[in-house]
Amino acid sequence: MTATLLRRPGLARIRTGSAPLSLLCLGFVSVVVLVALLAPWTAGHDPNAVDLGNALAGPSADHLLGVDASGRDTFSRLVLGARTSLLGPLGVVFFSTVAGVAIGTAAAWRGGWLDSVLSRSTELVFAFPGMLLAILIVSVHGEGLLAPVLALALAYLPYVSRLTRSLVLAERARPYVEAYGVQGHSGPQICLRHVVPAVAPVVLAQSTVNFGYALIDLAGLSFLGLGVPALTPDWGRMVFDGNAAIQSGYPLSAIVPCAAIVLTVVAFNVVGERWADKVARRDR
């Protein structure tokens, strides 16, 4: 089985050979997830409480990361924003992985005209930029998380389906698949019970990398004002709101969410590629 992940052109691969780096990134991911889960109990302040008299105040004992241009506590918005910032990419990865695995498995297993139709269809999606598709859909649908999540899931689907197709084709040639067929097992039974679980580790590694990309794309949409509503705590929205503070010489409220996005994306990429490397070594 080949554990080669599909990557976007123009994005340099992060070298993941260092075990300490991988463990550090895995620990960071765990902390971010834990912060998102415990956000309502650790935020400390109402993320939408406005105190214009204290706007752009620096870090203090009461406001650990200062206050933004609207007088809202930056730390509270960062902590609660982790929930939205992780929930969106999770939806993208879930929908694109489920649909991509189904399409890729069907194309590889059935072959013939079905393979041609499904493969050509995913190639058409490849030709259409995911961000542009998301912008078009959000422009029609309006603000919210569902529309961009579904649009990006459609854009990410070909990455998963093509990887799954190649893995299932290789797996189908193994002797055990033919043996189960001789025993009278149907194609769907063999795929669901044996083939899909066999290729799942590589697909999940790809999905982990896709999670990081989805986080960037959704943050970009929020930065453009096309993602979550204005009052919803979200890292991308915080960067958008921090523009005014940067122009006023107080960049902290924008730098903090930017750092959170970058570090989280890097951590997910390192974990995903390290996972894929381990799977590749195991299958050699």
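None of the values given here were measured: they were computed from a predicted structure.

**Digging into the overall build of the protein**
- Check the secondary structure of the protein and you find 11 helices and zero strands.
- When the helices and strands of the protein are read in sequence order from the N terminus, they spell out α-α-α-α-α-α-α-α-α-α-α.
- Its C-alpha atoms give the protein principal-axis dimensions of roughly 75 × 45 × 35 Å.
- For the protein, contacts bridging at least 24 residues in sequence account for 74% of all contacts bridging at least 6.
- On the protein, roughly 13900 Å² of surface is accessible, and the fraction owed to carbon and sulfur atoms is 68%.
- Charge separation in the protein, taken as the distance between the mean sites of 20 positive and 16 negative side-chain charges, equals 13 Å.

**Thoughts on the pattern of salt bridges**
- Scanning all chains against the criterion turns up four salt bridges.
- For Arg-165, the salt bridge is made with Asp-115, and the minimal N-O distance between the two is 2.8 Å. With Arg-165 in helix H6 (residues 146-172) and Asp-115 in helix H4 (residues 112-126), this pair connects stretches of sequence that are 50 residues apart.
- The class of Arg-165 is partly exposed, set by a relative accessible area of 28%.
- Across the pair Glu-171 and Arg-174 runs a salt bridge whose closest N-O atoms are separated by 3.1 Å.
- Here the salt bridges do not stand alone but share partners, grouping Asp-68, Arg-72 and Asp-241 into one network.

**Quick look at the packing of helix H5 (residues 130-141) against helix H8 (residues 187-223)**
- Between H5 and H8, whose axes approach to 11 Å, the crossing angle comes to 40 degrees. One element, H5, and the other, H8, form an angle in the oblique class. For the pair H5 and H8, the sense of crossing is right-handed. Contacts between H5 and H8 involve Met-131, Ala-134 and Ile-135 on the former and, on the latter, Asp-217, Gly-220 and Leu-221.
- Split by residue class, the contact of H5 with H8 holds four nonpolar, one polar and one charged.

**Notes on the environment of Ala-102**
- By secondary structure assignment, the location of Ala-102 is in helix H3 (residues 74-110).
- Judged by relative accessible area, which is 47%, Ala-102 ranks as partly exposed.
- Between the C-alpha atom of Ala-102 and that of Val-196, which follows or precedes it by 94 residues, the distance is 9.4 Å.

**Regarding the confidence of the model for the protein**
- Averaged over every residue, the pLDDT of the protein is 83; residues scoring 70 or more account for 92%.
- Looking at the elements of the protein, mean pLDDT is at its lowest for helix H10 (residues 243-247), recorded as 77, and at its highest for H3, recorded as 92.
- Taken as a whole, residues 9-16 scores under 50 in pLDDT and shows 14 contacts with residues more than four places along the chain or in a different chain.

**Quick word on the environment of Leu-192**
- The topology assignment puts Leu-192 in helix H8.
- Taking the C-alpha atoms as reference, Leu-192 lies 9.6 Å from Thr-105; in sequence the two are 87 residues apart.

The rules behind each value
Residues numbered from 1 in each chain as written. Predicted model: local features only at pLDDT ≥ 70, side-chain atom pairs only at ≥ 80, totals over all residues. Heavy atoms only, no water. Helix = DSSP H or I, 4+ residues; strand = E, 2+ residues; numbered from the N terminus. Contact = heavy atoms within 4.5 Å. Areas by Shrake-Rupley, 256 points an atom, 1.4 Å probe, with all protein chains shown as cover. Lys, Arg positive; Asp, Glu negative; His and termini not counted. Charge placed at Lys NZ, Arg CZ, Asp CG, Glu CD. Salt bridge = Lys/Arg side-chain N within 4 Å of Asp/Glu carboxyl O. Buried < 20%, exposed > 50% of the residue type's maximum accessible area, 1.4 Å probe, protein only. Axes fitted to C-alpha atoms, helices over the stretch in contact; angles between N-to-C directions. Parallel < 35°, antiparallel > 145°, perpendicular 65-115°, else oblique. Left-handed = near helix turned anticlockwise from the far one by under 90°. Nonpolar A, V, L, I, M, F, W, Y, C, P; charged D, E, K, R; others polar. pLDDT = per-residue confidence, 0-100.

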